Amino acid sequence: HLSPDDPSLWLELANAYLTRGDRLERPLDYAFALDFYARAVQKLPASPEARFNLAYAFERLELWPDARDAWTRYLELDPQSPWSDEARAHQRNAQSILDRRLELRRRLVTDPAAYLNLPDSQAETEEQLGSRRGRGPSPSGAALRIPAS
């Protein structure tokens, strides 16, 4: 019998929201997943699955500083598992996006004319900023880490 305060229930709900968010491209589902993963991590701070999926939820919401930091915490907890290579790829991607955004901000301050010459289309601008909505790196093809039974 599961209690509403059971972190395993929160993980299952978070997994369901994350999966539905991926399938239907619904940011609200990523936000719900993030909330449940954060609750689970508070109760189960040593859970690699909860930490991996928390980082992935931050990424799906394009909360890049939080995603990078969450990937780092996951790797501190689980540096050698088969999932660690994928986590490192996600961590590098988040850092790369943050670096590109910092460079664009620096250009705005140091060379506003060049910054103003950036492409007008939103798609090109998002690409320059590293937006990867719905397309985070997944070398293994996996997006969600579910514990082995």
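In what follows, the structure referred to is the one given above.
Fair warning: this is a prediction, and the values are worked out from it, not measured in the lab. (Residues numbered from 1 in each chain as written. Predicted model: local features only at pLDDT ≥ 70, side-chain atom pairs only at ≥ 80, totals over all residues. Heavy atoms only, no water.)

1. What to know about the overall build of the chain
Each helix and strand in the chain was counted, giving seven helices and zero strands. Ordered by position in the sequence, the α and β elements of the chain form the string α-α-α-α-α-α-α. Sequence separation of at least 24 residues holds for 58% of the intrachain contacts in the chain that already meet a minimum separation of 6. With the model as given, the accessible surface of the chain reaches about 8,800 Å², and the carbon-plus-sulfur share is 54%. (Helix = DSSP H or I, 4+ residues; strand = E, 2+ residues; numbered from the N terminus. Contact = heavy atoms within 4.5 Å. Areas by Shrake-Rupley, 256 points an atom, 1.4 Å probe, with all protein chains shown as cover.)

2. Looking at the packing of helix H2 (residues 27-43) against helix H3 (residues 48-60)
Put simply, H2 and H3 touch, their axes get as near as 9 Å, and they point 150° apart. Here H2 lies roughly antiparallel to H3, going by the angle between them. As H2 packs across H3, the resulting crossing turns out to be left-handed. Across the interface between the two elements, Tyr30, Leu34, Tyr37, Ala38, Ala40 and Val41 from H2 touch Ala50, Arg51, Asn53, Leu54, Ala57, Phe58 and Arg60 from H3. Here the contact of H2 with H3 is built from residues that sort into 10 nonpolar, one polar and two charged. (Axes fitted to C-alpha atoms, helices over the stretch in contact; angles between N-to-C directions. Parallel < 35°, antiparallel > 145°, perpendicular 65-115°, else oblique. Left-handed = near helix turned anticlockwise from the far one by under 90°. Nonpolar A, V, L, I, M, F, W, Y, C, P; charged D, E, K, R; others polar.)

3. A short note on the environment of alanine 87
Relative to the helices and strands, alanine 87 is located in helix H5 (residues 82-110). Look at alanine 87 and you get buried, because its relative accessible area is 0%. Measuring from C-alpha to C-alpha, the distance between alanine 87 and tyrosine 56 comes to 8.9 Å, with 31 residues separating the pair along the chain. (Buried < 20%, exposed > 50% of the residue type's maximum accessible area, 1.4 Å probe, protein only.)

By themselves, these figures tell us nothing about what the structure is for.
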